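# Architecture and fold: a report
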Amino acid sequence: MDALQRARELVGGARSVVVLSGAGISAESGVPTFRGEDGLWKSFRPEQLATPAAFAADPRLVWEWYAWRRERVAACRPNPGHEALARFCGARDATLVTQNVDGLHRLAATDHAGKSVAEAGHELLELHGSLFAVRCTGCTFRRAHRDPVDATTRDALPRCPSCGGLLRPDVVWFGEALDAGVLGRAFEAAAAADLCLVVGTSALVHPAASVPLAAVRSGARLVEVNPEPTPLSSLADAVLRGPAGTLLPALLS
Ligand code: BJW
Ligand code: ZN
């Protein structure tokens, strides 16, 4: 039996599914990954851009990088991999946990059902926040924010309407805690799942990468979709080596 057939059987026999996705699922939409050959970390140093210390030291530089990424991602559309997952999760007892901040899973679910993710009965947990939201560095203010950001000078950076503090991207940087409620729901879904599908992640960043480990510890089968091996590959019951945009429609149809 080939790996696709084996994986299709595991999906077909599953009662409750937890999915963990990463940057690879959006690669075919034109969103750069982090650690690949053309990944963001090949040209930018994470400690200079994706940490609270980096923002404190040079908020203009950090905003310039995020403004560039927001513009690039805003032009991207969900691909057949996002769409297959949206259809699958809308029809099944499935929780979609993503590390991605690009909003493409949300867009695919909305496009698919013509209504909001929650109305579509689809639980989507964005572990690392959103490129298109901001929060205040001085108070609890946060909101969606899609307008272009002027990062040419520090004075032009967006400010909090409530306290005047600097606004920052509402994403989770290295060394920062993930939202406890969102992370708790991801681990609950992992504990309840009898199948875990991991797509397009190097599975190096924790606690996100611990979600499939928790599912396996609770007895779930594991299916991985990734062109490259990861630390999870040796635990998988089926490994599909190739692009998510082709393999997910074949797996989930
Ligand atoms: C395809 C494909 C195609 C290509 N189809 N596939 C335990 C052990 C070790 C370290 C730690 C640990 N616990 C915590 C840590 C520290 C740290 C960490 O994990 N470090 C490791 C790197 C060593 N974690 C943290 O700091 C986290 N916080 C934390 O633990 O807080 C503790 C705390 C508690 C209480 C108080 C205070 C603190 C936070 C981590 C935040 C990560 N943030 C980022 C940036 C988000 C914002 C932004 O985008 O700017 O999140 S880093 C970056 O990595 C981003 C991603 O979500 C994340 C994961 O990357 P991902 O998605 O896996 O992408 P890639 O590029 O790595 O992989 C792409 C994959 O796709 C590859 O495998 C390709 O082969 C594949 N692919 N094309 C399918 N077409
Ligand atoms: Zn504020």
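Fair warning: this is a prediction, and the values are worked out from it, not measured in the lab.

### So, the site of ligand 1
- Not every one of the 34 residues close to ligand 1 is listed here, only the nearest: Arg 35, Tyr 66, Arg 69, Thr 201 and Ser 202.
- At 3.4 Å from a nitrogen atom of ligand 1 is found a main-chain nitrogen or oxygen belonging to Gly 24.
- Take Asn 226: an N or O atom from its side chain is 2.7 Å from an oxygen atom of ligand 1.
- In isolation ligand 1 offers 1,500 Å² of accessible surface; the protein chains occlude 72% of this area.
- At the level of elements, α2 (24-27) and α6 (59-74) are the ones that each hand at least two residues to the shell around ligand 1.
- Taken together, the residues of the shell around ligand 1 sort by class into 18 nonpolar, 11 polar and five charged.

### Regarding the pairing of strand β1 (residues 17-21)
- The buried count for β1 comes to five of five residues, which makes it a mostly enclosed element.
- One ladder, built from five bridges, connects β1 with strand β2 (residues 94-98); its direction is parallel. Bridge pairing links Val 17 to Ala 94 in β2.
- In the sheet, β1 pairs with strand β7 (residues 195-199) via five bridges, with the strands oriented parallel. When the sheet's bridge partners are listed, Leu 20 is paired in β7 with Val 198.

### Side note on the coordination of the zinc ion (ligand 2)
- Coordination of the zinc ion (ligand 2) by the protein is provided by Cys 136 (SG), Cys 139 (SG), Cys 160 (SG) and Cys 163 (SG), with metal-donor distances spanning 2.2 to 2.4 Å.
- In this structure, the zinc ion (ligand 2) is surrounded by four donor atoms whose angles at the metal cover 99 to 117°, and the resulting shape is tetrahedral.
- Sequence spacing of the donors to the zinc ion (ligand 2): C-x2-C-x20-C-x2-C. Here Cys 163 lies in the loop between β5 (142-144) and β6 (167-171) and Cys 139 lies in the loop between β4 (129-136) and β5, a separation of 24 residues in the sequence.
- Judged by its relative accessible area of 28%, Cys 139 falls in the partly exposed class.

Cut-offs applied
Residues numbered from 1 in each chain as written. Chains lettered and ligands numbered in written order. Predicted model: local features only at pLDDT ≥ 70, side-chain atom pairs only at ≥ 80, totals over all residues. Heavy atoms only, no water. Near = heavy atom within 4 Å. Polar contact = N/O pair within 3.5 Å; in protein donor to acceptor, adjacent residues only side chain to side chain. Areas by Shrake-Rupley, 256 points an atom, 1.4 Å probe, with all protein chains shown as cover. Helix = DSSP H or I, 4+ residues; strand = E, 2+ residues; numbered from the N terminus. Nonpolar A, V, L, I, M, F, W, Y, C, P; charged D, E, K, R; others polar. Buried < 20%, exposed > 50% of the residue type's maximum accessible area, 1.4 Å probe, protein only. Pairing = 2+ DSSP bridges. Donors = N, O, S within 2.8 Å, 3.2 Å for Na, K, Ca; no water. Tetrahedral: all angles 85-135°; square planar, octahedral: opposite > 155°, others 65-115°.

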